[in-house]
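Commentary on secondary and tertiary structure
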Amino acid sequence: MKHESKKKEGESAVMENMISLAKRRGFIFQGSEIYGGLAGTWDYGPLGVALKNNVKNLWWKRFVADREDMYGMDAAILMNQNAWKASGHVAGFSDPLVECEKCKRRFRADQLDAEAREKRKCPECGGKLGAEKQFNMMFKTHVGASEDAAAVSYLRPETAQGMFVNFKNIIDAFHPKLPFGMAQIGKAFRNEIAPRDFIFRTREFEQMEIEYFVDPKDWKDTFEHFIREVRAFTADVGLPKEKVHEYEVPGDSLAHYSKRTVDFEFDYPFGKKELYGLAYRTDFDLKAHSATSGVDLSYYDEEAKARFVPHVIEPSFGVDRTVLAVLSEAYREDELGGEKRVYLKLAPSVAPIKAAVFPLLKNKDALTAKAREIYQVLRKEFAKGSGGVEYDEVGSIGKRYRRQDEIGTPYCVTIDFDTIEKDGSPVTVRDRDTGTQEAIPLKDLVSFLSQKLNR
Ligand code: ATP
């Protein structure tokens, strides 16, 4: 196989081979590639979109659709600049930046190795590193035809604030009782100093966030509840338990708004790194927006006959970091039937293609007609929303299996002359992981696949 000639050893090889598979098979492309790219941006192709939508749908199901206490949102990316002043982002959403005086390369000071930091030596050219400066990571823009200060806005660096500014709208429209949450999925933008590791650290990415409002006396139980829910979600997308770790952020490293933060880390091929965050934000945000906007963002508790500002527990998930964890976990190289192969061991819940249908031979009218008929049945059943079913008649059966293995399709269904001629009309269903094949009566195919795909 072509890609094997480039094979490297070790962890970086996994990343390199996975990135090349992602491109070759239409999952993820470099942003603006034909112009030489744009650092920190990536474009999702058809299979990447399907995988990403599966992740987002599983999240929405667990955290919004299956609960009675969650309100879905889709707030604007551009917000009044005062929202970002109130939240603290204008003053403090920054990373420490150092520049090499010789080669002019810029680095995040906290990501330099100990030697470079101590000796203030450029890790690239050995030149002298300048003084550390704070670099605000928000993308600044202007809204409307004027470029004066009053027209300044920012591409949001997190979706969270879009929910806090709508807190009163939810209270007025739905009169929810505490505890309740607001949830949204959407783009966020950060002008990262050093985007890296494929889609791990990018300048444009997607978040799935919840602001969950509680009576302050209940924050601890709610925090524990969301620790369990975050863990459960990592299982929903097929990440193995032993590769997801919880890191209790020490007091002196907590963000200005947080009293407790647990980072969920994943064993990526390039090391253990943050996948998600869970923070107890107290009443910091509602109070800050109340003070800056002059709008009362308190809650009246009918039973206790008391008015107070609710406290907030915030689980925050990166869509792209989930996709990367899922892909790097799924990427496998093995040998099947004496031949090397590359495959994605994706959980059926996230696999972009759920099943593929092949006629054993092409140009046999009866066979292709039957295969297409079965393909249409499976499409109706399994290609709803975020997953697909493929039809393929090109090349040998072995090659068709390998093509599906590479994109993580859990099951391939082959139609041969027996399917048309024999009583009970068996089809051959082949399992991606083991390569084993089973004859299944056609009438049982949908229920067999439903069960296998956990639907
Ligand atoms: P890091 O320390 O890695 O920069 P963070 O602690 O700043 O991340 P949060 O502000 O807590 O991240 O953002 C919540 C989630 O959004 C993260 O857990 C991650 O999944 C995702 N995320 C944050 N920054 C990026 C980025 N630059 N690219 C991709 N995803 C990101």
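Residues numbered from 1 in each chain as written. Predicted model: local features only at pLDDT ≥ 70, side-chain atom pairs only at ≥ 80, totals over all residues. Heavy atoms only, no water.

**Digging into the overall build of the chain**
Defined as follows: Note on conventions: DSSP H or I runs of at least 4 residues are helices, E runs of at least 2 residues are strands, and numbering of each starts at the N terminus. Each residue's exposure class comes from its accessible area (1.4 Å probe, protein chains only) as a fraction of the maximum for that residue type: buried when under 20%, exposed when over 50%, partly exposed otherwise. Throughout, a contact is declared for two residues whenever any of their heavy atoms are within 4.5 Å. Per-residue accessibility takes into account occlusion by the displayed protein chains alone, with areas from the Shrake-Rupley method and a 1.4 Å probe. His residues and chain termini do not enter the charge count, which takes Lys and Arg as positive and Asp and Glu as negative. By convention, the charge on Lys lies at NZ, on Arg at CZ, on Asp at CG and on Glu at CD.
Across its full length, the chain holds 14 helices and 23 strands. Taking the principal axes of the C-alpha coordinates as reference, the chain spans close to 75 × 65 × 50 Å. The burial tally for the chain puts 51% of its 455 residues in the buried class. By sequence separation, contacts in the chain at least 24 residues apart represent 65% of the contacts at least 6 residues apart. On the chain, roughly 21,900 Å² of surface is accessible, and the fraction owed to carbon and sulfur atoms is 49%. Distance between charge centres in the chain, computed from 70 positive and 72 negative side chains, equals 3 Å.

**Here we look at the nonpolar core**
Inclusion rule: In this description, a nonpolar core means a group of buried Ala, Val, Leu, Ile, Met, Phe, Trp, Tyr and Cys residues linked to one another through side-chain atoms lying within 4.5 Å.
Among the nonpolar cores identified, the biggest contains 58 residues, and Phe27, Ile28, Trp59 and Phe233 are the most heavily contacted of them. Here Ile28 is in contact with Ala22, Lys23, Trp42, Asp43, Tyr44, Gly45, Phe198, Ile199, Val323 and Leu327, once residues within four sequence places are set aside. With 20 residues, the next largest nonpolar core counts Phe382, Val413, Val429 and Leu449 among its residues.

**Some details on the sheet that holds strand β11 (residues 244-248)**
Heads up, the rule is: Pairing between strands is defined by DSSP: at least two bridges between them are needed. What counts as an axis is a line fitted to C-alpha atoms, over the stretch in contact for a helix, and the angles between N-to-C directions run from 0 to 180 degrees.
With mixed pairing, seven strands are arranged side by side in an open sheet as β3-β9-β10-β16-β13-β12-β11. In this open sheet, the two edge strands, each paired with only one partner strand, are β3 (70-73) and β11. Direction aside, the axes of adjacent strands within the sheet are offset by 25° on average. Pairing between strand β12 (residues 260-268) and strand β13 (residues 271-282): nine bridges, direction antiparallel. Among the inter-strand pairings, Thr261 is bridged to a residue of β13, identified as Ala279.

**Overview of the site of the ligand**
Going by this rule: We call a residue near a molecule or strand as soon as one heavy atom of that residue lies within 4 Å of the molecule or strand. Here a polar contact is taken to be a pair of N or O atoms separated by no more than 3.5 Å, where protein atoms must pair a possible hydrogen donor with a possible acceptor and residues adjacent in sequence count only if both atoms sit in side chains.
In the vicinity of the ligand there are 14 residues, among which Glu192, Arg201, Thr202, Glu274 and Leu275 approach most closely. Here an oxygen atom of the ligand sits 3.0 Å away from a polar atom, N or O, in the side chain of Arg190. One nitrogen or oxygen atom from the side chain of Arg201 is found 2.7 Å from an oxygen atom belonging to the ligand. Relative to its free-state accessible area of 590 Å², the ligand is covered by the protein chains to the extent of 81%. Breaking the shell around the ligand down by element, the ones donating at least two residues are β10 (204-214), β13 and β16 (311-318).

**Topic: the domain arrangement of the chain**
Condition: Domain start and stop points were drawn from an automatic or database domain assignment. Accessible area that two parts lose when put together, with a 1.4 Å probe and added across both, is what the buried area reports. Salt bridges are defined as contacts in which a side-chain nitrogen from Lys or Arg sits within 4 Å of a carboxyl oxygen from Asp or Glu.
Per the domain assignment, the segments of the chain are domain 1 (2-77 + 157-327) and domain 2 (351-452). Taken together, the contacts link 11 residues of domain 1 with nine residues of domain 2. Together, the buried faces of domain 1 and domain 2 total about 800 Å²; carbon and sulfur atoms form 53% of this surface. When the area that domain 1 buries against domain 2 is broken down by residue, the three leading residues are Arg25, Leu47 and Asn54, summing to 57%. Between the two partners, domain 1 and domain 2, sit two salt bridges. Taken together, domain 1 and domain 2 are joined by four residue pairs in polar contact (both at pLDDT 80 or more).

**Some remarks on the environment of Asn136**
If you trace the backbone, Asn136 turns up in strand β6 (residues 133-136). Exposure remark for Asn136: the relative accessible area of 28% places this residue in the partly exposed category. Considering only alpha carbons, one finds Asn136 and Glu192, 56 residues apart in sequence, at a separation of 9.2 Å. Filtering out sequence-adjacent residues up to four positions away, Asn136 remains in contact with His89, Val90, Phe93 and Ser94. Within the structure, Asn136 has its side chain in polar contact with the backbone oxygen of His89 (distance 3.1 Å). Looking at Asn136, its side chain comes within polar contact range of the main-chain nitrogen of Met138, at 2.8 Å.

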